[in-house]
Amino acid sequence: MSAAPASGAAPTNKAAVADKSAESAKDVKLAAALEEDDEFEDFPVENWTKEDTEVPGDNTHLWEESWDDDDTNEDFSAQLKEELKKVEANKKK
Amino acid sequence: MAIVDEFLASISSFLRKKDAEQLRLYLRVEPPLPDHFMQLSKELKQSYRDNNRLERQIEKFIPEHGDFASEEGDAWPGFLAFIKEYLEFWRDVDFDNLLATHAQLTTLVNTSITALSNPSYGIVVLPTAIQLSSNLAKLGMMLDKRPDLTSRLRKVADAGGEGRKTLVEGTAETIQRAFTMCLTDRSHSAGSKPGGRKVGIYSFANMVLKLLFQCRKTQLATQMFQNITQHSPQLSLYPASQRVTYLYYLGRFLFSNNHFFRAQLCLQSAYYQCHAQCINQRRHILIYLISTNLILGRFPSRAFMSRPEAKGLLEKFSPVSIAIRKGDMAAFKRALGPESENQQWFFHKGVYLPLLCRCEVLVWRSLARRVFLLTYQFPTDPNSRKAATLDILDMVTAAQFCQKILEGWGKPVDPLAVMQPGRTHMNTIFMKVPDLVPPAGGRKKLRAQQGVIFGNKMPDILEVEAIIASLVQQGLLHGFISHNQGKFAILGAKQRGGPLNAGFPDVWEVIRDRAKREGRDSEVPGWVQHEKRGGGGVVNLTGIARPVGSG
């Protein structure tokens, strides 16, 4: 059996190789992204004061508790409105 | 003076002075180390191949105390065994063989823990035992990421027929022994300091937790948390680094057990107490803190935008919170689906399934609110006593609409528009809006969790009514269902400032109030916040609790 690749098969192989390497490059990238400082590191110092924990900016309103969105003109609402109207119209027929 | 002799003489003098810190500095194993240690290793290799000789030398420099004249600061058998093991470690270690090093270090840690167990003198080796355990934990974590090295071990374990205990799990078990010893120490905490070996509780607990999270055996931590609740002094007596690390792991443990409210309390406290400069740790805490808060109905505010630890995180979570806000189920499924490119990341962090299952409830609540907003005709008569209602069939329409979007349905191509580009048919305004149609290649196949209800199942009234009933039961919708009329009716619209406020209370408010009612808002199992009354020690009742009339 000849070791040389049959003509015509070569480009496919090449493409497959390129594909594979692209895929493995993607895998490596993904793995790197997931591994990114994956461990909760040991603290470099043992103890600190309350002052050391303070960060600039607003520290009292970190969380939004009332977040309902009353805008009925954005895309999803508009489409949903159209759908509700249509179904309502079909019911009346 | 030979280096081994010099070393032993120093150890003996530290022991007499009870200088735990110097002992720790002398009894190190983790490179990089001063040249002295290499010389020590060399001399041990050259002159102390014979274990008996080594033992004699140790006893010469560090005399064991007799039974009668036990001077303070003398050595005890456990300590001598530990020093011998330490020197043997330096004689035999080959840092190029990580597995063998791990085995040797495990033996060394075990002997250090035995030395620590001496009730009178053990405390002097506490810093050393913590240091060595920490080295062992680090090596265990490192080896866990090297399956090429540990796969052989696993095969041996399998062949032995014993349960599949990984190297990391074994390491956790070793260190847990030290933890238990510290926890059960009888010394009382005096004032602002934990007494005796109790000082070491959280140092060891944090190592064990790190290892258990690494090998995904977090359930093994349950007993540890229970024991801490019963026997530990309050956490606030310990250094900040230990408090923050412990609360981070406790928060994650509670999160993975679906105790989101309590998880939030721990993680929030860990975040507030964390050093402002420790970005790695703050970021880890924040990942779980944001996830927990999303589930509880709180979204990260703009305050996070300027924080370095939040960099890149808000982008991952905001599609989820935006979808919840709008009640857009399709956008929600996509925000957590493979198309978002974040699915793997969420999964890897262990927050994917909790977010998917728990936040979905909030999306349903917002979708109900949205449909109400779009369909309800606010009464013209301000004195109308008619209850505000939401038609369940409208909710079915909305749920089916989301399902169609997920399956790739779209508007049919208008042949007239194609034939006459740029011109619309003059009668378009009179024409009815066309129905959505499935894509030409067939409906997109959805996996179970990718569909609104389950895969490609089109939601129907039975399911939607059940979902609304569940929201009512959870307090997320305020009102009742009239099954006969097919409607959800809002209660108390007048008193609560309109049907929107009355029927759809803020999620966080509902969850927080329920936690308060059930007493889950302050006490967290595993987190000792107050000093224990009565010291928590064992009271020996022999001789006190005699039967009535016997004395």
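Keep in mind that what you see is a predicted model, and the values were worked out from it rather than measured.

A. Expanded view of the overall build of chain A. Within chain A, the secondary structure is distributed over two helices and one strand. Ordered by position in the sequence, the α and β elements of chain A form the string α-β-α.

B. Seen up close, the pattern of salt bridges. Taken as a whole and judged by the stated rule, the model has 33 salt bridges over all chains. Where Arg365(B) meets Asp68(A), a salt bridge forms, and the shortest distance between an N and an O atom there is 2.8 Å. In this pair, Arg365(B) is assigned in helix 18 (residues 352-375) and Asp68(A) in the loop between strand 1 (63-64) and helix 2 (75-92), connecting two distinct chains. Since its relative accessible area comes to 0%, Arg365(B) is described here as buried. With its nearest N and O atoms 3.1 Å apart, the salt bridge here joins Glu88(B) to Lys84(B). In this pair, Glu88(B) and Lys84(B) are both assigned in helix 5 (residues 77-92), four residues apart and thus about one turn of the helix distant.

C. Representation of the side chain of Lys84(B). For Lys84(B), a relative accessible area of 19% gives the class buried. Leave out the neighbours within four places in its chain, and Lys84(B) touches Asn51(B), Leu54(B), Glu55(B) and Ile58(B).

D. Here's a closer look at the environment of Ala2(B). Structurally, the position occupied by Ala2(B) is in the segment before helix 1 (3-17). Judged by its relative accessible area of 33%, Ala2(B) is partly exposed.

E. Just the interface of chain A and chain B, in detail. Taken together, the contact pairs 49 residues of chain A with 72 residues of chain B. For the pair chain A and chain B, the two sides together bury roughly 5600 Å², of which 56% comes from carbon and sulfur. By the criterion of area lost to chain B, the three top residues of chain A are Phe40(A), Trp63(A) and Trp67(A), representing 17% of everything that side buries. Here chain A is connected to chain B by 13 salt bridges. Ionic pairing is found between Arg369(B) and Asp70(A), a salt bridge with its closest N-O pair at 2.7 Å. The interface formed by chain A and chain B contains 32 residue pairs in polar contact (both at pLDDT 80 or more). Residue assignment for the side of chain A that touches chain B shows that the elements contributing at least two residues are helix 1 (9-35), strand 1 and helix 2 of chain A. Per-element tally for the side of chain A that touches chain B: the top contributor is helix 2 of chain A, with 13 residues.

F. The arrangement of unusual backbone geometry in detail. All names here are of chain B. The amide bond that connects Pro31 to the next residue, Pro32, takes the cis arrangement and shows omega of 0°. As for its position among the elements, Pro32 is in the loop between helix 2 (20-26) and helix 3 (35-47). Phi is positive for Lys18, which is not a glycine, with a value near 55°. Within the secondary structure, Lys18 is located in the loop between helix 1 and helix 2. In this structure, Arg216 takes a positive phi of about 55° despite not being glycine. Tracing the sequence through the fold places Arg216 in the loop between helix 10 (201-214) and helix 11 (222-231). A residue is classified by how much of its surface remains accessible, and Arg216, at 66% relative accessible area, is exposed.

G. Fine view of the pairing of strand 4 (residues 487-490) of chain B. All names here are of chain B. The sheet contact formed by strand 2 (residues 389-391) and strand 4 spans three bridges and is antiparallel. Within strand 4, the position partnered with Asp391 by the bridge is Lys487. Here strand 3 (residues 479-482) runs beside strand 4; their pairing, made up of four bridges, is antiparallel. Residue pairing across strands places Gly479 opposite Ile490, the latter belonging to strand 4.

H. Spatial organisation of the packing of aromatic side chains. For the structure on display, the rule yields 35 aromatic pairs over all chains. Ring geometry for Trp76(B) and Tyr121(B): centres 5.7 Å apart, planes at 25°, overall stacked. Note that Trp76(B) is positioned in the loop between helix 4 (51-61) and helix 5 and Tyr121(B) in the loop between helix 6 (98-116) and helix 7 (126-144), a separation of 45 residues in sequence. Per residue, the accessibility class of Trp76(B) equals that of Tyr121(B), and both read buried. Taken together through their ring pairs, the aromatic side chains of Phe40(A), Phe43(A), Trp48(A), Phe213(B), Tyr248(B), Tyr249(B), Phe255(B), Phe260(B) and Tyr288(B) make up a single cluster. Sitting over the ring of Trp345(B), Lys316(B) keeps its end group 4.9 Å from the ring centre.

I. Here's a closer look at a nonpolar patch on the surface. On the surface, Leu393(B), Ile461(B) and Leu462(B) cluster together into a nonpolar patch covering about 290 Å² of accessible area. With respect to the secondary-structure elements, Ile461(B) resides in helix 21 (residues 461-473).

J. Spotlight on the side chain of Arg91(B). Residue and element names in this part refer to chain B. Relative to the helices and strands, Arg91 resides in helix 5. Overall, the relative accessible area of 7% leaves Arg91 in the buried class. Apart from the residues within four sequence positions on either side, Arg91 is in contact with Leu44, Lys45, Tyr48, Arg49, Asn51 and Leu54.

K. Spatial organisation of the state of the cysteines. Residues and elements named next belong to chain B. Tallying each qualifying case throughout the model produces zero disulfides over all chains. No disulfide involves Cys278; its nearest neighbouring cysteine sulfur is the one of Cys274, lying 5.3 Å away. No disulfide involves Cys359; its nearest neighbouring cysteine sulfur is the one of Cys357, lying 9.7 Å away. Residue class for Cys359 comes out buried when judged on its relative accessible area of 0%.

Conventions and cut-offs
- Residues numbered from 1 in each chain as written.
- Chains lettered and ligands numbered in written order.
- Predicted model: local features only at pLDDT ≥ 70, side-chain atom pairs only at ≥ 80, totals over all residues.
- Heavy atoms only, no water.
- Helix = DSSP H or I, 4+ residues; strand = E, 2+ residues; numbered from the N terminus.
- Salt bridge = Lys/Arg side-chain N within 4 Å of Asp/Glu carboxyl O.
- Buried < 20%, exposed > 50% of the residue type's maximum accessible area, 1.4 Å probe, protein only.
- Contact = heavy atoms within 4.5 Å.
- Buried area = accessible area lost by both parts, 1.4 Å probe.
- Polar contact = N/O pair within 3.5 Å; in protein donor to acceptor, adjacent residues only side chain to side chain.
- Pairing = 2+ DSSP bridges.
- Phe/Tyr/Trp six-rings, centres within 6.5 Å; stacked < 30°, edge-to-face > 60°.
- Lys NZ or Arg CZ within 6 Å of the ring centre and 35° of its normal.
- Patch = residues over 30% accessible without salt bridge, like charges linked within 9 Å, V, L, I, M, F, W, Y side chains within 5 Å.
- Areas by Shrake-Rupley, 256 points an atom, 1.4 Å probe, with all protein chains shown as cover.
- Disulfide = S-S within 2.5 Å.

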